[in-house]
Amino acid sequence: MNYINAKQVREKAQNQWLCVLSGLAPQLESALKKPGRHVSCPVHHGQDGFRLFKDVNETGGGICNSCGAKSDGFELLKWLNGWSFRETLEQVAAFLGVTSLHNQVDSHKQQPWLQHAQQQLTQQKKQSEQAAFWITQVWNQAQPLGDDAVKRYLQQRRCFTSHVSDCVRFHPALPYFDEEGHRVGEFPAMVCSVQNAAGQIVTLHRTYLTNEGHKAPVEKVKKMMSIPDNLAVAGNAIRLVGPQGSILGIAEGIETALSVYLATGIPTWSAMTATLLKSVQPPKSIRTVIIWADQDRSCAGEEAALILKERLQQQGITVLVMLPDQCLLGDRKSVDWNDVWCQHQHAGFPTKKSLQQHYFQEKQRMAQINMSVIDTEAGKSGECAFCPPHGWQGNPDDYLMLMRERYRDVMFYQRMLVTAKLQKKVKLVIRGPFAQEVQCILGKLNQTIAA
């Protein structure tokens, strides 16, 4: 094995990371074209779960809303490509010509979009220096809620409450810029502070409105302000109502979280998106979390809720996942708890007594499952997510199809995730005709958990 001087490679990579990443991680192209701006995550997909740091050309770093920050290009490439540090070092060294395998820097520098990305970075670096200033400016310009467009908007969504914290404010005339940076106009807006564990404002979430309380006629009604380079939005939330005990609710949307509070009296925070929901970290005083998930055709809401549940359970927190008991009719893509509240008010929500029963039933059910043994013979175990039902017949392809169907079911998906996590701690006994397929599924689930 040839010795490669890591310090030498790091020094040569500095101010070359745009080129290096474009050559060694083509899945980053959309992020490289818009450095510093949120794009679809190259690992988890979605719409806006990933961004490269504004100093990416210097450091090569970026951040995933689910997995956290990758401080430099080496960490980023390891995460993206599944490489060891040694493999990453060899690839970067070869790309930069430190070793003689290949040297592609010059050719990549000629790509027009890379040159444009470098120009963007120069401009965004200047903007980043003012990000904290503008967050403070907008927040100070915003006013406590009164008889204004925000109150009218929340009343139309039937989720206005006078108990909402000061994290929700009204801005009378907030400038709106399109994706190209052109100023479209000024609109009334609901401005919400996104806070970290220390209570520090990380950034602001904006909902653009009309004076009558309707959504403004703009391309993206809801937008998040730029995040200063030394801060991150992952793990944080909009703290709509302060915790009053050891129980906390978490939902995606602001309106959904307020609806849950009105219906149940449980303080509930907004994670803003399904991607960010996965990473929310409640205060240390919280012992029970109820996740009020959106029901989506894509299952993004359920999946995010179950990933959060798995992570919080490892911290000793009791977690319940609540999904709206409504069908998605026609071309409707999702139903959330604000929809339930608007249509059914309290009747559409579980009572506190039923929540307690659900909690104890879940604890009892999980305690009865022997998850250390997986038998894939049909009908052997009704509780095991990997066991086909009694009388089922099929070949390995049929079995994989059955597992794909179960993957979309919240109950089975949760058991699959827990089993995959358990595999790292205890020796699982996997037997029956589809043991090999189960090993493959568990391996992919563990890759998802690790990511």
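Summary of the structure given here. (Residues numbered from 1 in each chain as written. Predicted model: local features only at pLDDT ≥ 70, side-chain atom pairs only at ≥ 80, totals over all residues. Heavy atoms only, no water.)

**Considering the sheet that holds strand S6 (residues 168-177)**
At step 1: Pairing in this open sheet of five strands is antiparallel, and the strands run S5-S6-S7-S8-S9 from one edge to the other. Single-partner strands in this sheet number two, and they are strand S5 (143-144) and strand S9 (222-224).
At step 2: Where S6 and strand S7 (residues 183-195) come together, eight bridges link them in antiparallel fashion. What sits directly across from Leu174, in S7, is Phe187. (Pairing = 2+ DSSP bridges. Helix = DSSP H or I, 4+ residues; strand = E, 2+ residues; numbered from the N terminus.)

**Focus on unusual backbone geometry**
At step 1: Look at Asn15: it is not a glycine, yet its phi comes out positive at around 70 degrees.
At step 2: Inspection of the secondary structure puts Asn15 in the loop between helix H1 (6-13) and helix H2 (17-24).
At step 3: Phi angles above zero are rare outside glycine, and His45 is one such case at about 65 degrees.
At step 4: Mapped onto the secondary structure, His45 falls in strand S2 (residues 45-52).

**Comments concerning the environment of Met403**
At step 1: Tracing the backbone shows Met403 in helix H16 (residues 396-407).
At step 2: In this structure Met403 comes out as buried when scored by relative accessible area, which is 4%.
At step 3: Sequence separation of Met403 and Tyr413 is ten residues, and the distance between their C-alpha atoms is 9.4 Å.
At step 4: Excluding its chain neighbours within four sequence positions, the residues that come into contact with Met403 are Ala385, Phe386, Met416 and Ile441. (Buried < 20%, exposed > 50% of the residue type's maximum accessible area, 1.4 Å probe, protein only. Contact = heavy atoms within 4.5 Å.)

**Side note on the pattern of salt bridges**
At step 1: In total, this model carries 13 salt bridges according to the counting rule given.
At step 2: Ionic pairing is found between Arg10 and Asp72, a salt bridge with its closest N-O pair at 3.1 Å. Here Arg10 is found in helix H1, whereas its partner Asp72 is found in the loop between strand S4 (68-70) and helix H5 (73-81), with 62 residues between them in sequence.
At step 3: Exposure remark for Arg10: the relative accessible area of 37% places this residue in the partly exposed category.
At step 4: Glu179 is the partner of Lys223 in a salt bridge, and the nearest nitrogen-oxygen pair spans 3.9 Å. With a gap of 44 residues between them, Lys223 in strand S9 and Glu179 in the loop between S6 and S7 connect regions that are remote in the sequence. (Salt bridge = Lys/Arg side-chain N within 4 Å of Asp/Glu carboxyl O.)

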